[in-house]
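Reading the structure
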Amino acid sequence: VQLVESGGGWVQPGGSLRLSCAASGFTFSSYTMNWYRQAPGKERELVARITSAFGRTDYADSVKGRFTIFRDNGKNTVYLQMNSLKPEDTAVYYCNTWVSYAYWGQGTQVTVSS
């Protein structure tokens, strides 16, 4: 199983970024995919998840209405569209799935500041 994130960077408050996570080594369409984040000095937290069947989504309260998770099973990729970004969204963002064990990507840094 391999998960590779991309799309992070620096953005001003109110801006947008789209993160991507390219997955391989498992039947992507059959598994729930998650985005987590970890800010300096804080615990890793679940930001959003999307299920395999029906693509049901769930979000942390702090990002509802601003972030959208979606997947392209044909490309084995899950995305996190982040709009109206705030400084408190600054963190390393990780892609995650459970395929017998928890698998994580290497993370991508998102920095929101003026």
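Just above, that's the structure.
Predicted, not measured: the structure shown is a model, and the values here were computed from it.

**Describing the state of the cysteines**
Overall, the coordinates contain 1 disulfide when judged by the stated rule. The disulfide bridge from Cys 21 ends at Cys 95, spanning 2.1 Å between sulfur atoms. Between Cys 21 and Cys 95 the disulfide shows an S-S torsion of about -80°. By sign, it is left-handed. Of this pair, Cys 21 sits in strand E3 (residues 17-24) while Cys 95 sits in strand E9 (residues 91-99); the two residues are 74 residues apart in sequence, bridging distant segments of the chain. Residues Cys 21 and Cys 95 agree in their burial class; the two are buried.

**Quick look at the packing of aromatic side chains**
For the coordinates displayed, the defined rule picks out 5 aromatic pairs. Centre to centre, the rings of Phe 26 and Phe 28 are 6.3 Å apart; their planes meet at 55°, and the pair counts as tilted. Residue class for Phe 26 comes out buried when judged on its relative accessible area of 13%. Among the aromatic side chains, those forming a connected cluster through ring pairs are Phe 26, Phe 28 and Tyr 31. Here Arg 44 stacks its cationic end above the ring of Tyr 94, 3.8 Å away from the centre of that ring.

**With respect to the pairing of E9**
For E9, the tally of buried residues reaches 7 of 9 residues, placing the bulk of the element in the interior. In the sheet, strand E4 (residues 33-38) pairs with E9 via 5 bridges, with the strands oriented antiparallel. Among the inter-strand pairings, Gln 38 is bridged to a residue of E9, identified as Val 92. In this structure, E9 lies alongside strand E11 (residues 108-112), joined through 3 bridges in antiparallel fashion. Pairing of Val 92 across the sheet is with Gln 109, part of E11. Where E9 meets strand E10 (residues 101-104), 4 bridges bridge the pair, whose relative direction is antiparallel. Bridging from a neighbouring strand, Asn 96 pairs with Trp 104 of E10. Connecting the antiparallel pair E9 and E10 is a turn made up of 1 residue, with Ser 100 showing a positive phi of about 70°.

Parameters and conventions
- Residues numbered from 1 in each chain as written.
- Predicted model: local features only at pLDDT ≥ 70, side-chain atom pairs only at ≥ 80, totals over all residues.
- Heavy atoms only, no water.
- Disulfide = S-S within 2.5 Å.
- Helix = DSSP H or I, 4+ residues; strand = E, 2+ residues; numbered from the N terminus.
- Buried < 20%, exposed > 50% of the residue type's maximum accessible area, 1.4 Å probe, protein only.
- Phe/Tyr/Trp six-rings, centres within 6.5 Å; stacked < 30°, edge-to-face > 60°.
- Lys NZ or Arg CZ within 6 Å of the ring centre and 35° of its normal.
- Pairing = 2+ DSSP bridges.

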